[in-house]
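# Summary of structural features
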Amino acid sequence: MTFPNGMEYLILTVNQLSGSIKNSLFPSSLKYLDLSYNLFEGDPPITLDNSANFPNLQELYINDNFNLNGTFASSYPTCNATNTNMCVNADNLCGLKTVCDCKIYKDVYQSLNPPILEPNVEENCCENVNFINRYGVHCSDQKRIEYIHLPGPKAGGQNLANIPAELTGTLHESVTKLNELFFLSLYLNNLTGTVPSAVENMTKLTVFQIFQNKFSGELPQFPINSEFINFAFNQFEGELKSFSSLSKLEFFAVGENKLNGSIPSNIGGAINLKTLDLTKNRFIGEIPDSLYSLVKLERMYIDSNSFTGTLSPSINNLVELQDFYFGENKFNGELPSEISSLIKLRNLIGSNNSFTGSLPDFSNIVDLSQLGFAYNNFSGPFPNLPTQLSYLSLSNNSLSGNVPGSLSSSLTILFLAHNSFSGPFPSLESQANLTHVDLYGNKFNGALPVLGVKQSIININFGSNEFDGPMVNYCQYQSLYHLNLEKNKLSGEIPTCANLTHGLDTFIIGDNKLSSTLPTNIFVTNGRLSIFSIANNQLEGEVPAAFSNIDRMKIFDIHNNRFTGAILPHVNTLIRNASELTKLYINQNRFTGQLDSLPSSNLTEIAFGDNYFTGLLPDFGNQFPKLTYLDFQNNSFSGTLPESIGQLVDLKTLLLNRCKITGSIPSSFFTDLKQLKVMDLSRNQLGGSIAAISLPEIEELNLGYNNITGTILDKLSSLSSLVKLVLTGNKFTGSIPAQFSSSKLQFLIIGDNMFEGTIPDVMNLINLKALNVSYNRLSGPVPNAWGQFPHLSNVSIGHNRFSGEIPNSLLDLIQLKVLTAENCNLTGAVNFATSLSKSIQFLDLSVNNLTGYLDGLGEISNLTFVDLSENKFSGPLPISLNQLKLIEHLWLSSNNFGGSIPDIFDQTPKLKSLLIENANLDGVIPKSLYNCKDLQVIKLSSNRLTGDVVGINSLTKLGVLTLGSNSFTNVPIDVFFGEIPKSLQTLHLFGNQFIGDVPSGFNDTSVYPQLRELLLGNNKLEGFFHGPNLSKCDVSGNQVCDPLSPTTCELESCSDGDKICEIVKALNSTVNCALPEILCDEESQDWYKCDENFKVVSINITNGRFQHQDKEYTINSDAYISSKLYSLQNLKLLDLHGNGINYPLIARVDQMPKLEYIDLSNNRFYGSIPYEYVGLEKLKHLDLSNNKLEFTIPKTFTQLNYLNLSGNTFVGEFSQKFTGFCEIKGSDVCDPAESNPTCGLQSCFKVEFLPKYQKIGNEYKSLLDGFRKVNAALRVFVDDQIYPNNIPPADYAKILLDLLVAYVNIDTAGNINEASRSLDILTIGNIALNLGHLLQDFSDVSGIGVPGGPNGGVLGNGDFSSGGDPQGGSGGFPDGQSDFGLGGGSDFIFINNTLPQNSVTVPVTNGQPKPVNQVPNTNLGSNSNSQNNVNVGSNSNTNNNVNIGSNSNSINNPIIGPNSNTNTGPNSETDKNSNGVALNIDKNDASKMAGSVVIAGGLGLAMLL
């Protein structure tokens, strides 16, 4: 039944109405309602209990309904509720006298679903002590309930009611009828539902605590007398209600709910508020200004919301503020400096906002204990801090500079991670209470921080800095739980005590430079370790096997080190023991072993890649069914791909590239791996074809560089998630489809295959970023519809068979950064000014037929690489290229530009390579090029460039410089360079006209240690060069030689090393000249020295032995002087004394013009002193003493300051005066000076002849002057063994020459005086006859002769002749005439004599022919006349010996034997004779034989008697 609205009077009294009174029964328009004397029961409707629902009701009668229950709190002008079972909240309300708080509480309590229920609550419950204690209720003296305290059991001692379990019901609305209630506490329960809105009317309620329940709905408007409200940790929603009437509120906590909206602007009405907790809600907006007027506020928790805006400087009004937590919001701007005035602050946490600027000075807040501003955008230096700080968190900002050493000694937590702090970190030894320190992600350097020895450190995180030096021994801290030192520059060993402390859970030291091996005890004592990461170091050796016993291991990461050995058995043990192991990384090491199987495990990630494992791949699908990541790439496996991989239904990453796997790819790889995102099988030996592909989650598919055939692009329809496709380097065929199933595709890399056809004009790849179709067989025009790819940035279409021009739609793609279209047969003009995208960075259009100018190229300012080589571009290089400020590689070779290289490079500082070869350029190389300090390659060959490259040495990174075939004519190479960069690897200077010596640095690997290619051919260079480290070398077409052995660059040797080897081999034949033992590029020995130009400057081999490379050699008895000696043009010192060398005296000393010192003493050198010794202008010391030298001494040795010729058999005169030392003893030499003779000689005027010849000597003594003159021209060789009675041979020579000079007057120039020509030859014969008497002891010997030398002989028949029988002349004269001859070399001949016919021959010395010295010819008489002629000839060979008989060697013993021929004349046959003297005897008629004296061997002298 429903009564109509508008009804004013309703009387139902005295009936039998029953049941409950319905809420909606009565209209609000009633003025009079009478329900008395009926049978109604239950509680009165809530609407009647609230007079506000019936504003017009004046009279209410519900009396005498005995079964009505509950409470009644409303008052009307006239009201009667007597004779019911109801109670009221106030005395005499509606005639009721029973106060019903106990009954109300029973309703409330039962709605809380308590575990203990009281069936009957006495009417006067406040008098029941047991009720009060049991049900958490306190009553006032007026027996009204004023205190309800029912916290959950977690409250401990605060749970006065001892309720054993959490309350789970709802808060009954009747609680709002407890008018005297001032304390309501139901926290730490599991209550649900909403809070009745009528609590607003509970005017005496001051404390309302229901935190940590599950209340929901909106917050009520709190009673005006509220002082303490704690609704935190519930599920309330909606906005905060007004604070305008809450002037008594001191504590307000609604944190950890789902509230939203902003803080009411009238929050300032809570003027006594001390604690405000809005933590972890969804509040937004700015902090209202009225909040800053809460001057009594002590604690404000507004963190973890979405508040915005800035903090007002008015925050300085909150002078009582002690705790301020406002982190995890969206505050921005600078932190007001006024916050520093809040000196009572203890905790200031503003992390996770967007504050900027620098941090203020906090040093005045002396009681500040916790300071946190992590995860903001603060910059600037480390702030000033108070000294009592225990917690500091400034991580994840942009703070910089050094951290001061004055950190608070009270610190327990220090978080500075992810800033830009730098410098050494101060010691933490004084922070005795420190437990957690995190410096990760800064730029700290120097040694790792030092900690105190007594600290109970738990967490050390110094990772990702620049700490260097050794790793600190942190393992001493037994409390350590987490250690992270990764990503630093630590070096050296891991401390040996690093046996990972007992409680250590995490050990991370990866990404350092740690080396050596792991300590053997590193895994011994720790059984709790769960994370072990030492990846990316330089550790080596074997991993201690004990790691396999750590059964709590979850992550084991040792990848990218240098570990070796067979680790697989230990890995197998670890997998078996560690049941929680999920990630195992041993990749990128040098482990070996055969990998055929592994234990089954719950591993989710496994990486064995980049090692040296062999064998077959394991049965992954059955052994690791939970794998999500599989990396076995880059090993040396064999066999095929395991089929079971197709069973890994959770697999997301599969890396098996570079594994040497053969066979085909199982079809299940492409159909069953539904979760797979990355598959890389590239660079194997896989073949076959692919039937179908169904990988719905695949994002990256790389099958590149295999031998897979067939079509594939038409099978990609199911790959809707594909982002990257790489098929490069296979044998795929087919064409490129116009449509792809995946619109997500960003990388289409299908180059180096056999795709044909054209590139479709339209494809649906709207997200495509990179397209590579190069090295295929594509043809037709390059499509024009490139605008369909708005994100395309990388295009590679090179090496195809396209035709036509490059479409502008490709060139001007907005996002285009890389374009390579080399070798595509493209034509047409390119207008760089209008056609090319301004975003492009890498451009390669080389090897085409493109035309145009480079104007406009400089406007593409983002270019870093340009290759336009081998095209037909023309015009000068524009100055606008200076706009390419980012250019690194500029390649323009093989075009037809013309002009010079513009001086632009001071604007291109990043340039690394410049290639403009064969480009028709002239002019000089701009000096601004040397400002490009990163330049590594310069190639400018085949142009017409001039000038120099002085200053190029500033390019310290330059590795390649090619300037060949230019116009650097007659430029000294050292002037051209100034100084050459030390970094050069390749240098081309061929085909120019450089002059000067090859720079010496090219020979020195320490100067140019990286030089490997040097082309200097076809220039005008000189000097020497040796390039043993060059892989390519050309120095041809120059005047350059190689001073070392073996020679390089196909050069001839210019070193004296091989020469001195031949010289010393002549002294001892055992020296091995086939080996480079005696070279000037090695350290010189004591017996020879070289200068810096690899030239021998001294030889010192004395006393019969020398030592070389720890081996001693002796001078052989057959030692001789090698002709190589004369090629040592830089020789300054020659010392061969005391070696007993029996050889002609070294003659061609004029070819060694730098000689300063010669000592050949104490040998057996023979012959005369050549005039070439006189010509040695620098010679200061000459010692030829104690040899077998003969004949006269050269007269002029003006350059000498030391001369020793003693112990020889010289003759003649010597008058040179010396200021230094001079000695000539033991020879028949005199000084023509009458007094003070030189060199210890006698005066020539004191020469006394032997008594036997006194008469002749006196007669011709006046002719001694003539003797001295002719003695200088004639070289007289005699031998003492032919003279009897021990008469000195020099006496015979003097007498003979005196007689000759008397009648043939020879002047000093070697000419015969005209007066001498008419002398009576008979007079000469008489002189000879007298001399014959002197030789009468030889008259019993007749017919003795010595053959003539190779250039002279004994002549008869009145003839004059030079020359001689090549086989040796005859000693006798067949015509019976008597000749006087000088044979061999210089001929001295008298003819037409008629003296008696006897002949005597003077043999040569010791059976050895004397050498012919180089002597000027002297013509004595007319050669065409048969009489009175004297000829002194000259031998063209410096060391030419007399050939005796038919022997071909220059030094041979003569053949001796009896003559079997009976005819007068030369002997026709000789036999061997050990005496070494040729005796030719005519036995027929000795009385008729001509007798002659022949002094043979270079200058024969014959006297016919």
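Fair warning: this is a prediction, and the values are worked out from it, not measured in the lab.

Okay, the packing of aromatic side chains next. Taken as a whole and judged by the stated rule, the model has 57 aromatic pairs. With 6.3 Å between their ring centres and 5 degrees between their planes, F3 and F26 make a pair best called stacked. Of this pair, F3 sits in the segment before β1 (9-11) while F26 is found in the loop between β2 (18-19) and β3 (32-34), placing the two residues 23 residues apart along the sequence. Through pairs of rings, three or more aromatic residues link up here, namely F283, F307, F324, F326, F331, F355, F362, F373 and F378.

In the sheet, strand β86 (residues 1166-1167) pairs with strand β88 (residues 1188-1191) via 2 bridges, with the strands oriented parallel. The residue bridging Y1166 from the neighbouring strand is K1188, located in β88. With 2 bridges connecting them, β88 and strand β90 (residues 1209-1213) associate as parallel partners. Paired with F1191 across the two strands is F1210, which belongs to β90.

Attention now goes to the sheet that holds strand β6 (residues 67-68). The strand order across the open sheet formed by 3 strands is β2-β4-β6, and the pairing between neighbours is parallel. On the outer flanks of this sheet lie β2 and β6, each paired with one strand and no other. Pairing geometry for strand β4 (residues 39-42) and β6, over 2 bridges, is parallel. Bridging from a neighbouring strand, E41 pairs with N67 of β6.

With that out of the way, let us pick up helix α1 (residues 101-111). All of the buried residues in α1 are D101, C102, I104, Y105, V108, Y109 and S111. Downstream of α1 by a residue or two, N113 has a phi angle that is positive, lying close to 50 degrees.

Turning our attention to the environment of C932. Topologically, C932 is positioned in the loop between β69 (922-924) and β70 (937-939). With 21 residues separating them along the chain, C932 and L911 place their C-alpha atoms 5.8 Å apart.

Before going further, it helps to examine helix α3 (residues 568-577). Those residues of α3 lying buried are L568, V571, N572, L574 and I575. Take α3 and look down its axis: the buried residues cluster within an arc of 160 degrees, on one side only. Where α3 is buried, its residues contact β43 (555-557), β45 (583-585), β46 (592-594) and β48 (612-614).

Attention now goes to the pairing of strand β77 (residues 1020-1024). Pairing of strand β75 (residues 993-997) with β77 involves 3 bridges; the strand directions are parallel. Looking at β77, one finds that I995 is bridged to K1020. With 3 bridges joining them, β77 and strand β79 (residues 1039-1041) adopt parallel strand pairing. Paired with F1024 across the two strands is C1041, which belongs to β79.

Next up on the list: the side chain of N1187. Tracing the backbone shows N1187 in the loop between β87 (1181-1183) and β88. Among the polar contacts listed, one links the side chain of N1187 to the backbone oxygen of S1185, at a separation of 3.2 Å.

Attention shifts here to the pattern of salt bridges. A full pass over the atoms with the stated rule returns 19 salt bridges. Salt-bridge contacts for R299 lead to E298; the nearest nitrogen and oxygen are separated by 3.3 Å. Exposure remark for E298: the relative accessible area of 17% places this residue in the buried category.

This prediction gives the chain a mean pLDDT of 80; 78% of its residues lie at or above 70. Of the regions scoring below 50 in pLDDT, residues 1246-1287 engages in 96 contacts with residues more than four places distant in sequence or in other chains. Within the model, the stretch residues 1302-1505 combines pLDDT values under 50 with 412 contacts to residues more than four positions away or in other chains.

Counting through the fold element by element, S410 comes out in the loop between β30 (398-401) and β31 (413-415). Taking the C-alpha atoms as reference points, S410 and A432, separated by 22 residues in sequence, lie 7.5 Å from one another. In contact with S410, not counting residues within four places along its chain, are T387, Q388, L389 and S390.

Attention now moves to unusual backbone geometry. Of note in this structure, V847 is not a glycine but carries a positive phi near 55 degrees. Position of V847 relative to the elements: it lies in the loop between β64 (842-844) and β65 (849-851). Here V847 falls in the partly exposed class, since its relative accessible area comes to 33%. Of note in this structure, N970 is not a glycine but carries a positive phi near 55 degrees.

A few words on the state of the cysteines. Considering all chains together, one arrives at 3 disulfides under this definition. With a sulfur-sulfur separation of 1.9 Å, C79 is cross-linked through a disulfide to C94. In this structure the cystine formed by C79 and C94 twists about its S-S bond by roughly 95 degrees; its chirality is therefore right-handed. In this pair, C79 is assigned in strand β8 (residues 78-80) and C94 in the loop between β9 (87-88) and α1, connecting sequence segments 15 residues apart. Using a relative accessible area of 6% as the deciding quantity, one classes C94 as buried. Between C1033 and C1049 runs a disulfide, and the two sulfur atoms are separated by 1.8 Å. Across the S-S bond linking C1033 and C1049, the dihedral sits near 105 degrees, which makes this disulfide right-handed. Residue C1033 is located in strand β78 (residues 1032-1034), and its partner C1049 is located in the loop between β79 and α8 (1057-1067); the two are separated by 16 residues in the primary sequence.

What counts and what doesn't
Residues numbered from 1 in each chain as written. Predicted model: local features only at pLDDT ≥ 70, side-chain atom pairs only at ≥ 80, totals over all residues. Heavy atoms only, no water. Phe/Tyr/Trp six-rings, centres within 6.5 Å; stacked < 30°, edge-to-face > 60°. Helix = DSSP H or I, 4+ residues; strand = E, 2+ residues; numbered from the N terminus. Pairing = 2+ DSSP bridges. Buried < 20%, exposed > 50% of the residue type's maximum accessible area, 1.4 Å probe, protein only. Arc of directions from axis to C-beta. Contact = heavy atoms within 4.5 Å. Polar contact = N/O pair within 3.5 Å; in protein donor to acceptor, adjacent residues only side chain to side chain. Salt bridge = Lys/Arg side-chain N within 4 Å of Asp/Glu carboxyl O. pLDDT = per-residue confidence, 0-100. Disulfide = S-S within 2.5 Å.

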